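The primary structure of each chain is shown beneath.
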Amino acid sequence: MKDWRWGWRLLAAVLILVALAYAVPMGLKALGAALITDDPLHPAGAILVLAGESREGDRVRHAVQLFKRGLAPLLVLSGTPLGFRTHEADSMRRHAEYLGVPPARILTVKHDSDSTREEAEVVMPILKRRGLKEVILVTSNYHTARAKRIFQRAAGPSGPRFIVSSVDDGQFKPEDWWKRRRYAKTFVYEALKTVWSAVEVK
């Protein structure tokens, strides 16, 4: 009888371990995926590229691809200072022009924001003055869900609707983010920022 009970306990323990081995990665994947929004795309009034560009220019490159597909007639490049007499928005403009976007189709927005919320407060009046109804928002994949919430809230009922197109800039992989230090750091930072943006007081 004791051997029978021991066998069932062992089997139960093995099944629990198997379930945990399956459930934990699935749960971690779900947490990673929660940071990302990637909407179906259709033509809009402009493509907005948020500040925080990678060294390789992944966001601008992605936005230019969307521009060349005819998804919007205007590229809005938002950037912050990089150093002495250098600005991210200027660098983004040069990159976009190099990739073939006509200068007349590019609008740069320079600011010194410390957060996505502050960036939205600077960019939103510019978008509203142009009467834009829909804007494709381009940013890194891990930043998309938070950025969309912030910009949509800043837009209010009279502002543009935002359609998000995510960019894989090599900083985050939702399917296995816990296996690599770079991805894990990105997750922790973005999760903290997500919590902070939910409780942030203007």
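None of the values given here were measured: they were computed from a predicted structure.

With burial as the criterion, each face of strand β1 (residues 46-49) is covered, one bearing Ala46 and Leu48 and the other bearing Ile47 and Val49. By the bridge criterion, four bridges tie β1 to strand β6 (residues 134-140) in an arrangement that is parallel. Opposite Ala46, over in β6, you have Val135 as the bridge partner. Judged from the three bridges that link them, β1 and strand β2 (residues 75-79) form a sheet pairing that is parallel. Bridge pairing links Leu48 to Val76 in β2.

Position of Asp112 among the secondary structure elements: in the loop between β5 (106-110) and α4 (116-129). According to the relative accessible area criterion, Asp112 is exposed, its value standing at 61%. Separated by ten residues in sequence, Asp112 and Val122 have C-alpha atoms that sit 9.4 Å apart.

Not every positive phi belongs to a glycine, and Arg85 is a case in point at roughly 55°. Within the fold, Arg85 resides in the loop between β3 (81-83) and β4 (86-87). Residue Arg85 is classed as exposed on the basis of its relative accessible area of 78%.

Time to look at the side chain of Thr186. Relative to the assigned elements, Thr186 resides in helix α6 (residues 181-199). Here Gln171 takes part through its backbone oxygen, which lies 2.9 Å from a polar atom of the side chain of Thr186. Thr186 has contacts with Tyr142, Gln171 and Phe172, leaving out every residue within four places of it along the chain.

Right, let's talk about the side chain of His62 for a bit. Examined against the element boundaries, His62 turns out to sit in helix α2 (residues 58-68). On the basis of relative accessibility, which here comes to 18%, the residue His62 falls in the buried class. Polar contacts involving the side chain of His62 include one to the side chain of Ser165, which spans 2.6 Å. His62 has contacts with Val138, Ser165, Ser166 and Val167, leaving out every residue within four places of it along the chain.

Counting residues in hydrophobic clusters, the biggest one holds 21 residues, and the most contacted among them are Leu48, Val76, Leu127, Leu137, Phe151 and Phe162. Secondary-structure elements contributing two or more residues to this core are β1, β5, α4, β6, α5 (144-155) and β7 (161-167). Looking at which element gives the most residues to this core, the answer is α4, with five residues. Core analysis: the next-biggest nonpolar cluster, separate from the first, contains 20 residues, Ala44, Leu77, Ala96 and Ile106 among them.

Criteria and cut-off values
- Residues numbered from 1 in each chain as written.
- Predicted model: local features only at pLDDT ≥ 70, side-chain atom pairs only at ≥ 80, totals over all residues.
- Heavy atoms only, no water.
- Buried < 20%, exposed > 50% of the residue type's maximum accessible area, 1.4 Å probe, protein only.
- Helix = DSSP H or I, 4+ residues; strand = E, 2+ residues; numbered from the N terminus.
- Pairing = 2+ DSSP bridges.
- Polar contact = N/O pair within 3.5 Å; in protein donor to acceptor, adjacent residues only side chain to side chain.
- Contact = heavy atoms within 4.5 Å.
- Core = buried A, V, L, I, M, F, W, Y, C linked by side-chain atoms within 4.5 Å.

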